[in-house]
Amino acid sequence: MSNDDILRVKDLRVRFPLKRTGFGKRDYLYAVDGVSFNLKRGETLAIVGESGSGKTTTALTIARLQKAFSGSVQLGDIDLLALKGAELRDMRNRMQFIFQDPYSSLNPRLRAEDIVREPLDNQNRMPAEQRDARVEELFSAVGLRPEQRRLFPHQFSGGQRQRIGIARALATNPDLIICDEPVSALDVAVQAQILNLLRRLQTDLGLTYLFISHDLGVVQHMCDHVAVMYKGKIVEYADRLTLFNHPQHDYTKALLAAVPSVASALRQG
Ligand SMILES: Nc1ncnc2c1ncn2[C@@H]1O[C@H](COP(=O)(O)OP(=O)(O)OP(=O)(O)O)[C@@H](O)[C@H]1O
Ligand SMILES: [Mg+2]
């Protein structure tokens, strides 16, 4: 553990009750089953794994949007799972989400500028003109034009909508940005644009990402470390080069074989 760790997750467990069959004790599904990792400021940790492996549940629990059963989560020196009330609301500005589906994650009744400004309005720390200036700056940072500010979500393409989601996530200068499958709903050409944007923003602003994907191909250019999740557990954790060049776990090898570009590179040795 080092002092630059912005996020420390220790032995996290999240469980959901299963349907009771007969009179026995209630059974539980441990969707997250003893997950531990640290994430350094300015770095990206990718969590990869098949559908249902517990990636989203891990992320939601870190963000206090899902209840943990046990374990601990620290953001800087704050014990996240212990926060209540006003402290919890304050913390929410320090951590932002970019969701998979830019169609359903943006409020269709709000204009783009209001969607991006909303976290600043909730935080209520800046005077109104300053918030407007910040929105203008964010539009330019994510490659949206100033005249698009007053449009509604349905008037944007999928990639542009994801840019709105990114601008919104950046608004409060969060310590941590959780990207949950941020490009899975986009065309391949648009995926590359959004991944490049996320990388450029990371370099320019020193962002820290927890980057969730079922696709190792998507994270191969995006991450410093990779945690491979399988049935609620991290079965392999390594830096990017080690994971791609010397995968240890059979499950990791299977995931790698599913990525065409990686699979052919592995075959060539
Ligand atoms: N609210 C819930 N109630 C009951 N079970 C749940 C709930 N949320 C998730 N689960 C279960 O927990 C497990 C992990 O789900 P999770 O959504 O975290 O997977 P994931 O890795 O994000 O999958 P995907 O790649 O499909 O998004 C699954 O078996 C899922 O059915
Ligand atoms: Mg998920």
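Check the entry above for the structure.
Residues numbered from 1 in each chain as written. Chains lettered and ligands numbered in written order. Predicted model: local features only at pLDDT ≥ 70, side-chain atom pairs only at ≥ 80, totals over all residues.

Here we take up the overall build of the protein chain. For the protein chain, the count of helices and strands is ten helices and ten strands. In terms of its C-alpha atoms, the protein chain occupies a principal-axis envelope of roughly 55 × 50 × 45 Å. Across the 269 residues in the protein chain, those meeting the buried criterion constitute 35%. Restricting the contact set of the protein chain to residue pairs at least 6 apart, pairs at least 24 apart contribute 67%. (Helix = DSSP H or I, 4+ residues; strand = E, 2+ residues; numbered from the N terminus. Buried ≥ 20, exposed ≤ 12 C-beta atoms within 10 Å, placed from the backbone. Contact = placed C-beta atoms within 7 Å.)

For the rest of this paragraph, the subject is the environment of R150. You can see R150 is positioned in the loop between α4 (128-141) and α5 (158-170). Using a count of 11 C-beta atoms within 10 Å as the deciding quantity, one classes R150 as exposed. Linking R150 and D114, residues 36 residues apart in sequence, is a C-alpha distance of 8.4 Å. If we skip the residues at most four places from it in the chain, R150 touches R111 and E113.

Near ligand 1 you find F16, L29, A31, G49, S51, G52, S53, G54, K55, T56, T57 and H214, and these make up its full shell. Going through the elements one at a time, β2 (28-40) and α1 (55-62) are the ones with two or more residues in the shell around ligand 1. Per element, the largest residue contribution to the shell around ligand 1 is three residues, and it comes from α1. Of the residues that constitute the shell around ligand 1, the class distribution is three nonpolar, eight polar and one charged. (Near = placed C-beta within 6 Å. Nonpolar A, V, L, I, M, F, W, Y, C, P; charged D, E, K, R; others polar.)

Further remarks concern the pairing of strand β8 (residues 209-213). In terms of burial, β8 is a largely internal element, five of the five residues being buried. Residues Y209, F211 and S213 of β8 are buried on one face, and the alternating residues L210 and I212, pointing to the opposite face, are buried as well. Bridging between strand β7 (residues 176-180) and β8 involves four bridges; their strand directions are parallel. Counted as the bridge partner of C179 is F211 from β8. As for the winding sense of the linkage, the β-α-β connection from β7 through helix α6 (residues 188-205) to β8 is right-handed. (Pairing = 2+ DSSP bridges. Right-handed = clockwise from strand over helix to strand, strands pointing away.)

Within the largest apolar cluster, 64 residues are counted, with the highest numbers of intra-cluster contacts made by A46, A167, I178, L210, F211 and V219. Per element, the largest residue contribution to this core is five residues, and it comes from α5. Filtering out sequence-adjacent residues up to four positions away, A167 remains in contact with V116, L138, F139, A141, V142 and L144. (Core = buried A, V, L, I, M, F, W, Y, C linked by C-beta atoms within 7 Å.)

With 18 residues, α6 should reach 26 Å at 1.5 Å per residue; the first-to-last C-alpha distance of 26 Å fits that figure. Following α6 by one or two positions, G206 has its phi on the positive side, about 65 degrees. (Expected span 1.5 Å × (residues − 1).)

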